[in-house]
Every structure is written in structure tokens, then in C-alpha cells.
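Geometric and topological summary
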Amino acid sequence: MKLDPFYLIVDSAACIERLAPLGVRLVQLRIKAMDEAGLRAEIRKAKALCAEHQCQLIVNDHWRLAIEEGCDFIHLGQEDLQTADLSAIRAAGMRLGLSTHDHAELETAIAAKPHYIALGPVYPTILKKMKWAPQGLERIGEWKRRVAPILLVAIGGLNPDRLDGVLDAGADSAAVVTDITLNADPEARTREWIARTERWR
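Quick caveat, the model's predicted, so the values are computed rather than measured.

**Comments concerning helix H7 (residues 136–147)**
- The end-to-end C-alpha separation of H7 is 17 Å, in line with the 16 Å expected for 12 residues at 1.5 Å each.
- Taken residue by residue, H7 has Ile140, Gly141, Trp143 and Val147 as its buried positions. Across the axial projection of H7, the buried residues extend over an arc of 165°, all falling on one side. Exposed side of H7, more than 90 degrees from the buried face: Glu138 and Arg145 are the residues found there.

**A word on the packing of aromatic side chains**
- Following the criterion strictly, the structure yields 3 aromatic pairs and no others.
- Between the aromatic rings of tyrosine 7 and tyrosine 116, the centroid separation amounts to 5.9 Å while the plane-to-plane angle is 90°, which identifies the pairing as edge-to-face. Taken together, the positions of tyrosine 7 in strand S1 (residues 6–10) and tyrosine 116 in strand S6 (residues 116–119) put the pair 109 residues apart, joining distant regions of the chain.
- An angle of 45° between the planes, with centres 5.8 Å apart, marks the rings of phenylalanine 73 and tyrosine 116 as tilted. In this pair, phenylalanine 73 is assigned in strand S4 (residues 73–76) and tyrosine 116 in strand S6, connecting sequence segments 43 residues apart.
- Looking at phenylalanine 73, the relative accessible area reads 1%, which means it is buried.
- Following the ring pairs from residue to residue traces out a cluster consisting of Tyr7, Phe73 and Tyr116.

**A word on the sheet that holds strand S7 (residues 151–155)**
- Strand order in the closed barrel formed by 8 strands is S1-S2-S3-S4-S5-S6-S7-S8, and the pairing between neighbours is parallel. Sheet twist, expressed as the average angle between the axes of neighbouring strands with direction ignored, equals 25°.
- As paired elements, S7 and strand S8 (residues 173–176) share 3 bridges and run parallel to each other. Across the sheet, the residue bridging to valine 153 is serine 173, located in S8.
- Strand contacts of helix H6 (residues 103–111): strand S5 (95–100) and S6, with the helix running at about 170° to S5, the strand carrying the most contacts.

**Concerning the pattern of salt bridges**
- According to the stated counting rule, one finds 18 salt bridges in the structure shown.
- Across the pair glutamate 107 and arginine 146 runs a salt bridge, and its minimum N-O distance is 2.0 Å. Of this pair, glutamate 107 sits in helix H6 while arginine 146 sits in helix H7, and the two are 39 residues apart along the sequence.
- We classify arginine 146 as partly exposed; its relative accessible area is 34%.
- Each member of the salt-bridge network shares a partner with another, and the members are Glu36, Arg40, Arg44, Glu68 and Glu69.

Definitions and limits used
- Residues numbered from 1 in each chain as written.
- Predicted model: local features only at pLDDT ≥ 70, side-chain atom pairs only at ≥ 80, totals over all residues.
- Heavy atoms only, no water.
- Helix = DSSP H or I, 4+ residues; strand = E, 2+ residues; numbered from the N terminus.
- Expected span 1.5 Å × (residues − 1).
- Buried < 20%, exposed > 50% of the residue type's maximum accessible area, 1.4 Å probe, protein only.
- Arc of directions from axis to C-beta.
- Phe/Tyr/Trp six-rings, centres within 6.5 Å; stacked < 30°, edge-to-face > 60°.
- Pairing = 2+ DSSP bridges.
- Axes fitted to C-alpha atoms, helices over the stretch in contact; angles between N-to-C directions.
- Contact = heavy atoms within 4.5 Å.
- Salt bridge = Lys/Arg side-chain N within 4 Å of Asp/Glu carboxyl O.

Spelled out as C-alpha cells, the structure:
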């Protein structure tokens with residue numbers, strides 16, 4: 001399995017509708033607070049949009065709905081991993097990505113045999129309050145040595161200028177949230193990310 005080096009994370013199908021046509025090949029739909037009917041509608045729309053634009057959709061957290069809607073890739077945080085039914089996820093043929101922030105979480109993630117492991121935050125991030133200090137590039141190299149051949153995703157405080165360092169350190173993909181979603185021109189920033197990651201494809 002291969003992941004696109006540019007891993008976009010957004011909080012609505014509307015964002016996918018705006019950005020997927022630009023050439024995004026990997027996107028996570030990450031919605032934290034919404035009722036089930038709303039979530040189902042968002043997942044359904046996101047799946048259709050991604051199919052139209054040859055983009056891999058990853059659904060964050062909501063594994064039951066993702067299975068019911070026929071999605072094929074789920075991402076879980078460590079808390080969600082504790083309650084998720086991994087056998088049901090595997091039986092549905094879904095691929096799995098897991099978040100990690102420290103060595104204990106890494107051991108838990110490796111034991112679950114995911115398709116990729118995410119490490120964060122690599123740099124300081126404004127996305128959410130973190131009890132973990134920035135991991136830095138050396139930690140990416142350490143994680144890659146520990147998880148290989150599982151793929152490694154770097155996340156947290158990334159921007160185009162930090163991209164080469166992150167991928168050179170061993171990450172297979174760079175996950176991006178606020179650098180695009182809070183940008184004054186998300187479309188232009190997305191195009192920049194696609195162009196800057198081209199040589200890694």
C-alpha cells in the first residue's frame with residue numbers, strides 16, 4: 001500500500017468539494033460534533049466526491065457509519081481504538097490508520113496491525129491542546145525504524161517549508177489541517193502543497 005505524500009484533513013464534505021478537484025489524492029473527513037444523521041450525510045457526500053475525483057477518503061473515528069456507508073479506510077485516535085471493534089473493521093475489508101503521541105501509544109498501535117501509524121505533533125500546533133511536546137524530526141526517524149514496513153504519517157504544525165525535512169526524516173505522508181483550512185486562500189495553498197509533494201509521488 002502507498003499513501004499520497006499530501007494528506008489533507010478537513011471537517012466537511014463541502015471542503016472536499018472545493019479542494020478535491022484541484023488534484024487532492026488523499027483526504028480525511030474529521031468531524032467531531034454532529035448528530036448521526038448529519039454525519040451519515042457528510043460521509044455519504046464525501047465518499048461520492050472522492051470517487052468522482054479519484055481521491056482516497058479516510059473517515060475519522062466514526063467506524064460504524066463508515067462501514068455502513070461502504071467506506072474502505074478509517075482513522076482512529078487512541079481513545080477510539082479502545083472501544084472500536086477491530087474484527088468488524090477488518091471483516092469489512094477496511095484499512096486502518098492510528099494516531100500515536102508517545103512510546104506507549106506506539107506499542108498499542110503496532111499491536112493493532114494498522115496500515116499506517118501517525119505521529120504528532122511534529123511541530124507546535126494550534127489545532128487542539130496537546131499534552132505532548134513537539135516530537136521533532138528525530139522522532140520521525142525513530143518511529144519509522146520501529147514501525148516499518150507499516151507506513152508513517154507525520155502531523156502537527158506542518159507547512160510547505162517543513163515538508164522536505166519531514167519526508168526526508170522518514171515520513172511517508174504529511175498530514176495537513178490548519179495550514180490549509182485557516183489559510184486566506186485554501187485553494188492556492190492546496191495547489192502549493194500538491195506541487196511541493198510531486199517529487200515524492
